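Understanding the architecture of this molecule
Single-letter residue listing:
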Amino acid sequence: MTRYLINRLFQAVPTVILVSILVFLMLHMIPGDPAQVYVGEREATEERLNEIRELMGLNRPLPVQYLDYMFKAVQGDLGRSLNNNRPVLDEILTRLPSTLELTLAALLIASVLGIGLGLLAAIKHNTLVDSASMFVALLGISMPVYWSSLLLIILLSVTLRWLPPIGQGSFDRLIMPALALGFLSSGALARLVRSSMLDVLGQEYINTARAKGLPGRTIILRHALRNTLIPVVTILGMMFGQLLGGAVITETIFARLGIGRLYVEAILNKDFTMVQGTTLFIAIAYVFINILIDVIYIYIDPRIRYD
Amino acid sequence: MTSQPIALETAARRGWRYSLRRFSRRLLRSRNVLIGTTLLATILLLVTFGPMLSPYNPELMTPAERLKPPSAQYFFGTDDFGRDIFTRVLYGGRVSLLVGLVSVAISCTIGTLLGLLAGYFGGWVDALIMRGMDVILAFPGILLALAIVAVLGRSLPNVMIAVGISSIPLFTRIVRGSTLTVKQLDYITAARALGCSDGRIIWWHVLPNVVTPIIVIATNSIAGTIITGAALSFLGLGAQPPTPEWGLMLAEGRVYLRNAAWVTTYPGLAIVITVMTINLLGDGLRDVLDPRLKLD
């Protein structure tokens, strides 16, 4: 296990390096002069631009600039915001808890909803319940999170007046964004759980359990469920990615101060150091999340051995 | 000597034609395909000819008609600039379908090509291409598309490019996998023994055998790219006002949730119905064309 983990981490090194090069080059791929990008929309004389080039080290060869950027990055210095001059990493870390809270709550909702629907559909295979569950799953896959969020606001805030429409910091303000985001991921999960359960139910050991005369409930809960849920772990990474991406939208709609909103605002304000830093942070975090999920997968399925 | 590769090639051509005929026969038997195709055809007809029948200009502002609820005059009501929402939804459909088609054309072409090369040649070509895919996959969800738009600037064509690039790995991975399997088959060895060039083998003998998963993924990813494309416009990074675009219309209507919900209801419904239709068609195609991927 440890060897697998080390191996996996080692494999991730080229990806992380390539990602960092790409993110570093972002600033230089923007059409126009990087110094002008730093200045933004403001007017600047040629002398002022030269000064900035000197100050930011933009005169040096690109590889030197890259190494300098990375050397600072590993020490936690991702530069300062072009907008308010605050350190980029501080800003990200301040906003991180809000996004984590939202993503984990959504993951919980997606799991309960997705696994529930999938199991229901598989147990009642080829009945109306099955069709209805799969229709809800299709709806989940086809529903953009920006519309489900608006529908939830109309229903729960405007019509029923149960929940405050926007904001963060309390449990009642977490419910709607988490529901909208969770529903988004539940569709794919429900389909996977259903097919996986049908697969498991067709296996010999389930027949044995039936032949022994075990009640259906015991067969499903004690024998089938565990093996059904193993493939779910494989799409956890995808779901997490979807939720992080979806957080960009839900945070914007529900006015939550998370990383997603920070990112969109940075793009809209042309705050490129912030865009760079956030992209790097999220991409590298996501690479590690995926490694973690691979490790969990081996841990829960003893049939797989990677060493 | 020369006649044999030619014979093989006609066989391959016949292969293309034969598989198409077989597919179309099976397609007609799938309920999902039938419903999906019918609905999609209706949507296509509506967005193609609908705008011509509407008396309203989708971008012309008439302040006197501001925020009128749905009525016989305005089927879906009017927005805060007095524009007919029904007309704008129809025009928006053109934009969204175009975004879906162009993005998938980009990702499908590049992704398939890379997948074929990686699977067929293996070795360092494979390693290089798949490393590139790892990099793209390191950006979760719509983050890569956002980053690309940040670099290229906000506009609809840039959204298509951004969304297209971020879904390349979907195609590359599947095509590479299928190519690896097909490559092992005897008739590929036979073609090689007869002196076929790599290019000819890939085009005439490998591609026809990996085309079914490509069709399935392409269909489903059109649905996905419509959602992502509209998401970028919703965030203000894609289509710019006054363009009638579904995502942008939702963003503009957000302010009026309390007293004019119709402004957001109809563009939202339009997205869900369109995306569901395409997903339904994709599911049907998968069941018919690629039984291994079937859900039950």
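Residues numbered from 1 in each chain as written. Chains lettered and ligands numbered in written order. Predicted model: local features only at pLDDT ≥ 70, side-chain atom pairs only at ≥ 80, totals over all residues.

Helix and strand content of chain B: eleven helices and zero strands. Along the chain direction, N to C, the helices and strands of chain B fall in the order α-α-α-α-α-α-α-α-α-α-α. Each principal axis of the C-alpha atoms in chain B carries an extent, and together these give about 80 × 45 × 40 Å. When the 296 residues of chain B are sorted by exposure, 46% land in the buried category. A fraction of 72% describes how many contacts in chain B between residues 6 or more apart in sequence connect residues 24 or more apart. (Helix = DSSP H or I, 4+ residues; strand = E, 2+ residues; numbered from the N terminus. Buried ≥ 20, exposed ≤ 12 C-beta atoms within 10 Å, placed from the backbone. Contact = placed C-beta atoms within 7 Å.)

Within chain A, the regular secondary structure consists of twelve helices and zero strands. Starting at the N terminus and ending at the C terminus, chain A contains elements arranged as α-α-α-α-α-α-α-α-α-α-α-α. With respect to the principal axes defined by its C-alpha atoms, chain A has extents near 85 × 55 × 30 Å. A total of 307 residues make up chain A; the buried ones form 37% of that total. Long-range pairs, those at least 24 residues apart, make up 73% of the contacts in chain A with a sequence separation of at least 6.

Here we come to the interface of chain A and chain B. Of the residues lining the interface, 43 residues belong to chain A; the matching set on chain B comes to 36 residues. Within the residue set of the side of chain A that touches chain B, elements represented by two or more residues are helix H1 (2-29), helix H6 (128-142), helix H7 (145-159), helix H8 (171-201), helix H10 (216-253), helix H11 (259-268) and helix H12 (272-300) of chain A. Ranked by the residues each element gives to the side of chain A that touches chain B, the list is headed by H10(A), at nine residues. Classifying every residue of the side of chain A that touches chain B gives 32 nonpolar, nine polar and two charged. (Nonpolar A, V, L, I, M, F, W, Y, C, P; charged D, E, K, R; others polar.)

Quick look at helix H2 (residues 31-53) of chain B now. Structurally, the α-helix is built with 3.6 residues per turn, so residues lying three or four positions apart point the same way. Residue and element names in this part refer to chain B. Compared with an ideal rise of 1.5 Å per residue, which puts 23 residues at 33 Å, H2 spans 32 Å between its outermost C-alpha atoms and is within 8% of the ideal. At Val 47, H2 shows its maximal bend, which comes to roughly 35°, and the proline Pro 51 appears one to four places after that position. Taken residue by residue, H2 has Val 33, Gly 36, Val 47 and Pro 51 as its buried positions. (Expected span 1.5 Å × (residues − 1). Bend = angle between axes of the 7 residues up to and from the residue.)

It is worth spelling out the nonpolar core at this point. With 147 residues, the main nonpolar core has A:Tyr146, A:Leu181, B:Ala145, B:Leu146, B:Val149, B:Ala231 and B:Phe234 as its most contacted residues. Sequence-distant contacts of A:Tyr146, defined by excluding residues within four places in its chain, comprise A:Ile249, A:Ile253, B:Ala231, B:Phe234 and B:Leu250. (Core = buried A, V, L, I, M, F, W, Y, C linked by C-beta atoms within 7 Å.)

The next thing to look at is unusual backbone geometry. Generally, phi is negative for residues other than glycine and the peptide bonds are trans, each holding for most cases. Cis geometry is found at the peptide bond from B:Pro241 to B:Pro242, where omega equals 5°. On the secondary structure map, B:Pro242 appears in the loop between helix H9 (198-234) and helix H10 (246-253). Residue A:Asn85 is not a glycine yet carries a positive backbone phi of 65°. Here A:Asn85 is to be found in the loop between helix H4 (62-74) and helix H5 (88-123). Here A:Lys270, not a glycine, exhibits a phi torsion of approximately 55°, which is positive.

Another point: the packing of helix H3 (residues 85-121) of chain B against H9(B). Residues and elements named next belong to chain B. One can describe the packing of H3 onto H9 by two numbers: an axis separation of 8 Å at closest approach and a directional angle of 145°. The two elements H3 and H9 cross, and the hand of that crossing is right-handed. Where H3 abuts H9, its residues Ser 96, Val 99, Gly 100, Leu 101, Ser 103, Val 104, Ser 107, Cys 108, Thr 112, Leu 116 and Tyr 120 lie against Ile 202, Val 206, Leu 207, Ile 214, Ala 218, Ser 221, Ile 222, Thr 225, Ile 226, Gly 229 and Ala 230. Of the residues in the contact of H3 with H9, the class split is 14 nonpolar, eight polar and no charged. (Axes fitted to C-alpha atoms, helices over the stretch in contact; angles between N-to-C directions. Left-handed = near helix turned anticlockwise from the far one by under 90°.)

All names here are of chain A. Remark: H5 packs on H11, axes separated minimally by 7 Å, with the N-to-C direction vectors making an angle of 130°. For the element pair H5 / H11, the angle class is oblique. Residues Glu 91, Ile 92, Arg 95, Leu 96 and Thr 99 of H5 pack against Ile 259, Gly 260 and Leu 262 of H11. Split into classes, the residues belonging to the contact of H5 with H11 amount to four nonpolar, two polar and two charged. (Parallel < 35°, antiparallel > 145°, perpendicular 65-115°, else oblique.)

A word on the environment of B:Gly50. Looking at the element boundaries, B:Gly50 is found in helix H2. With 180 residues separating them along the chain, B:Gly50 and B:Ala230 place their C-alpha atoms 21 Å apart.

Overall, the prediction assigns chain B a mean pLDDT of 86, with 90% of residues at 70 or greater. On the interface metric, ipTM, the complex scores 0.87, and its pTM is 0.88. (pLDDT = per-residue confidence, 0-100.)

This part covers the environment of A:Leu58. Residues and elements named next belong to chain A. Examined against the element boundaries, Leu 58 turns out to sit in the loop between helix H3 (46-56) and H4. The exposure class assigned to Leu 58 is partly exposed, which follows from the 19 C-beta atoms found within 10 Å. When the C-alpha positions of Leu 58 and Ile 21 are compared, they lie 16 Å apart, and in sequence the two are 37 residues distant. The contact partners of Leu 58, leaving out residues within four places of it in the chain, are Pro 34, Ala 35 and Arg 53.

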